[in-house]
Amino acid sequence: MTLGRNGASGDEIRAWLEEVWSRTEAALILAGGDAGGPLADRPVLGELFAPADLTRLRALTTSGEFTGDICRCHGGLTVALLDVDGEFTGAGSLHGRTDVAWERGRFRNNLAVADPEGLCALLHQYGAHWL
C-alpha cells in the first residue's frame, strides 16, 4: 500500500473494499465510532442479512469521493462487515452525516458518500440514527 501525506489512495481503498465486500454475508450497525472499543463488545443497533439490503448498504457506503484526509472526531456509528463464518472482515465509522472512514487507522482517508440522505434513511430503517 502506498501512503501519501495523509493516507492510502482512493484506488487502494476501493480495491480493498471490493475484496472485503465480495466476502460479506452480513453487516452490523454498531454503537460507537473509532474509539468505541472492540467491535464484538459494542451494542448492535441493526443487522443486515438480506442480499438486497447488503447490496444497498454497499452502494451507499462505497460510492463517493475520497477526501485525502480524515475527520478529527471518532464518529458516531460503525458499519462492521462479517464473512460466512461470522468473523469481522472490515469496518467503517460514520462521520458528520456525510463521511465513512473505512479502517481509519489503516487507510486515513475518509469517503464523502455520494448519497448521505440515502445512507441515513437505511440506517434509520434498521433503528440506528446517524447523528
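As a reminder, the structure under discussion sits directly above these lines.
Computed from a prediction, not measured in an experiment: that's the story for all the values here.

Thresholds applied
- Residues numbered from 1 in each chain as written.
- Predicted model: local features only at pLDDT ≥ 70, side-chain atom pairs only at ≥ 80, totals over all residues.
- Heavy atoms only, no water.
- Helix = DSSP H or I, 4+ residues; strand = E, 2+ residues; numbered from the N terminus.
- Rg over C-alpha atoms; globule rule 2.2 N^0.38 Å.
- Buried < 20%, exposed > 50% of the residue type's maximum accessible area, 1.4 Å probe, protein only.
- Contact = heavy atoms within 4.5 Å.
- Lys, Arg positive; Asp, Glu negative; His and termini not counted.
- Charge placed at Lys NZ, Arg CZ, Asp CG, Glu CD.
- Expected span 1.5 Å × (residues − 1).
- Phe/Tyr/Trp six-rings, centres within 6.5 Å; stacked < 30°, edge-to-face > 60°.
- Salt bridge = Lys/Arg side-chain N within 4 Å of Asp/Glu carboxyl O.
- Polar contact = N/O pair within 3.5 Å; in protein donor to acceptor, adjacent residues only side chain to side chain.
- Disulfide = S-S within 2.5 Å.

A. View of the overall build of the chain. Secondary structure assignment for the chain yields four helices and seven strands. Relative to the compact-globule value of 14 Å for 131 residues, the chain shows a C-alpha radius of gyration of 13 Å, a close match. Expressed as a percentage of the 131 residues in the chain, the buried residues total 46%. The long-range share in the chain, meaning contacts at least 24 apart out of those at least 6 apart in sequence, stands at 65%. The average position of the 11 basic charges and that of the 18 acidic charges among the side chains of the chain differ by 7 Å.

B. Spotlight on helix H2 (residues 51-62). Between the first and last C-alpha of H2 there are 16 Å, a value that for 12 residues agrees with the 16 Å anticipated at 1.5 Å per step. Of the residues making up H2, those classed as buried are Asp53, Leu54, Leu57, Leu60, Thr61 and Thr62. Backbone geometry just downstream of H2 places Gly64 in the positive-phi region, at approximately 145 degrees.

C. How the structure looks around the packing of aromatic side chains. Per the counting criterion, the structure on display carries three aromatic pairs. When the ring of Trp21 is compared with that of Trp102, the centres are 6.5 Å apart and the planes differ by 80 degrees; the resulting orientation is edge-to-face. With Trp21 in helix H1 (residues 10-22) and Trp102 in strand E6 (residues 99-102), this residue pair connects regions lying 81 residues apart in the sequence. Neither residue differs from the other here; Trp21 and Trp102 are each classed as buried. What links up through ring pairs into an aromatic cluster is the set Trp16, Trp21, Trp102 and Phe107.

D. Region of interest: the side chain of Arg42. Position of Arg42 relative to the elements: it lies in the loop between strand E1 (26-31) and strand E2 (44-48). Buried charge without a partner: Arg42 forms no salt bridge, and the closest opposite charge is Asp34, 6.5 Å away. Within the structure, the side chain of Arg42 is placed 2.9 Å from the backbone oxygen of Gly32, a separation counted as a polar contact. Polar contacts involving the side chain of Arg42 include one to the main-chain carbonyl oxygen of Gly33, which spans 3.0 Å. In contact with Arg42, other than residues within four places in its own chain, are Leu30, Ala31, Gly32, Gly33, Gly36, Gly37 and Thr78.

E. Molecular detail of the state of the cysteines. Under the criterion given, the structure shown has zero disulfides. Just so you know, Cys73 is unpaired, no disulfide at all, and the nearest cysteine sulfur is the one on Cys71, 3.3 Å from it. The thiol of Cys120 is not disulfide-bonded; the next cysteine sulfur, from Cys73, is found 14 Å away.

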